[in-house]
Amino acid sequence: PASHSRRVTLARTTVEMSLYACSAGDVSYALAFADLADPARVGPALEELGRALAANVQAAAPAASAPLAVAGMTPNDRAAAWRVEGRLPDGRAVQERAALFAYGTRIYQATVVAARLPDDEALGNFFGGLRVMP
């Protein structure tokens with residue numbers, strides 16, 4: 001996978017967010033993470049990431065979310081699985097599925113993006129394979 005890193009502001013603090021991403025066919029898979037260093041910022045940061053999912057693809061309808069549990073994660077009522085449909089900056093339609101969760105003060109965003117997402121089995125393999133290994 002390709003690796004990128006940049007400074008972002010989440011929950012009123014600037015942090016280094018790292019991203020690992022790869023593509024298979026026309027589908028992009030990514031895992032991003034950042035350490036907030038303050039447990040009080042984790043929940044608000046997860047909420048901000050969820051709102052950003054919809055904003056980044058100019059979603060016409062609100063993003064749908066559902067509670068999420070990832071093996072080894074720190075329980076958090078703001079951890080969620082997201083479903084978003086929208087448009088890329090060039091106008092092309094895009095679908096996105098994402099999992100937002102945390103371990104301690106580290107937040108994670110796992111994402112699959114495509115014009116047409118793969119079937120449920122392929123999505124299940126990606127999201128079902130997520131594990132936090134302390």
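This text goes with the structure placed above it.
Read on for an overview of the structure. What you see is a predicted model, and the numbers here were worked out from it, not measured in a lab. (Residues numbered from 1 in each chain as written. Predicted model: local features only at pLDDT ≥ 70, side-chain atom pairs only at ≥ 80, totals over all residues. Heavy atoms only, no water.)

Topic: the overall build of the protein
The test is simple: Each helix corresponds to a stretch of at least 4 residues labelled H or I by DSSP, and each strand to a stretch of at least 2 residues labelled E; elements are numbered beginning at the N terminus. Three exposure classes are used, based on accessible area relative to the maximum for each residue type with a 1.4 Å probe and protein chains only: buried under 20%, partly exposed in between, and exposed over 50%. Each accessible area is a Shrake-Rupley result for a 1.4 Å probe, and residues are judged covered by the shown protein chains and nothing else. The positive count covers Lys and Arg only, the negative count covers Asp and Glu only, and His and the chain ends enter neither. Charge placement uses NZ in Lys and CZ in Arg. For Asp and Glu, CG and CD serve respectively.
When helices and strands are tallied, the protein shows two helices and seven strands. What you see in the protein, going N to C, is helices and strands ordered as β-β-β-α-β-β-β-β-α. In terms of principal-axis extent, the alpha carbons of the protein reach across some 40 × 30 × 30 Å. Here the protein, with 134 residues, has 37% of them falling under the buried criterion. A total of about 7,700 Å² of accessible surface is found on the protein, and carbon and sulfur atoms cover 52% of it. Separation between the mean location of the 13 positive side-chain charges and that of the 13 negative ones in the protein comes to 4 Å.

Looking at the pairing of strand 6 (residues 93–103)
Strand residues, when the strand is regular, have side chains that alternate between the two faces of the sheet. Note the cut-off: Note on pairing: two strands pair once DSSP finds at least 2 bridges between them.
Most of strand 6 sits inside the fold, with eight of its 11 residues counted as buried. Across eight bridges, the pairing between strand 5 (residues 80–87) and strand 6 is antiparallel. Bridge assignment links Ala81 to a residue of strand 6, and that residue is Ala99. The hairpin formed by strand 5 and strand 6 contains five residues between the paired strands, and Gly91 there has a positive phi angle of roughly 95°. Where strand 6 meets strand 7 (residues 106–114), nine bridges bridge the pair, whose relative direction is antiparallel. Looking at the pairing, Ala98 lines up with Thr111 of strand 7. Linkage of strand 6 to strand 7, two consecutive antiparallel strands, is achieved through a turn of two residues, within which Gly104 is found at a positive phi near 60°.

Details of the environment of Asp77
Relative to the elements of secondary structure, Asp77 occurs in the loop between strand 4 (64–67) and strand 5. A relative accessible area of 75% means that Asp77 is categorised as exposed. Expressed as a C-alpha distance, the spacing of Asp77 and Pro67, which sit 10 residues apart in the sequence, is 7.4 Å.

Re the packing of aromatic side chains
Spelled out, the test is: We call Phe, Tyr and Trp rings a pair once their centres come within 6.5 Å, taking the six-membered ring for Trp, and we label the pair stacked below 30 degrees between planes, edge-to-face above 60, and tilted otherwise.
One pass over the structure, following the stated rule, counts five aromatic pairs. Aromatic pair Phe33 and Tyr108: ring centres 6.2 Å apart, planes at 40°, arrangement tilted. Residue Phe33 is found in strand 3 (residues 27–35), and its partner Tyr108 is found in strand 7; the two are separated by 75 residues along the sequence. Comparing Phe33 with Tyr108 shows no difference in burial state: the two are buried. Centroid distance Phe101 to Tyr108: 5.1 Å. Interplanar angle 10°. Geometry classified as stacked. A single burial state applies to Phe101 and to Tyr108, both of which are buried. Among the aromatic side chains, those forming a connected cluster through ring pairs are Tyr20, Phe33, Phe101 and Tyr108.

As for the sheet that holds strand 4
The test is simple: In this analysis an axis means a line fitted to C-alpha atoms, helices contributing only their contacting stretch, and an angle means the value between N-to-C directions, from 0 to 180 degrees.
Reading across the sheet, the seven strands line up as 1-2-3-7-6-5-4 and stay open at both edges, with antiparallel pairing between neighbours. Either end of the sheet is taken by a strand with one partner, and the two such strands are strand 1 (2–10) and strand 4. In this sheet, adjacent strand axes meet at a mean angle of 20° when their direction is disregarded. Pairing of strand 4 with strand 5, which is carried by four bridges, proceeds in the antiparallel orientation.

Read these as spatial facts, not as claims about activity.
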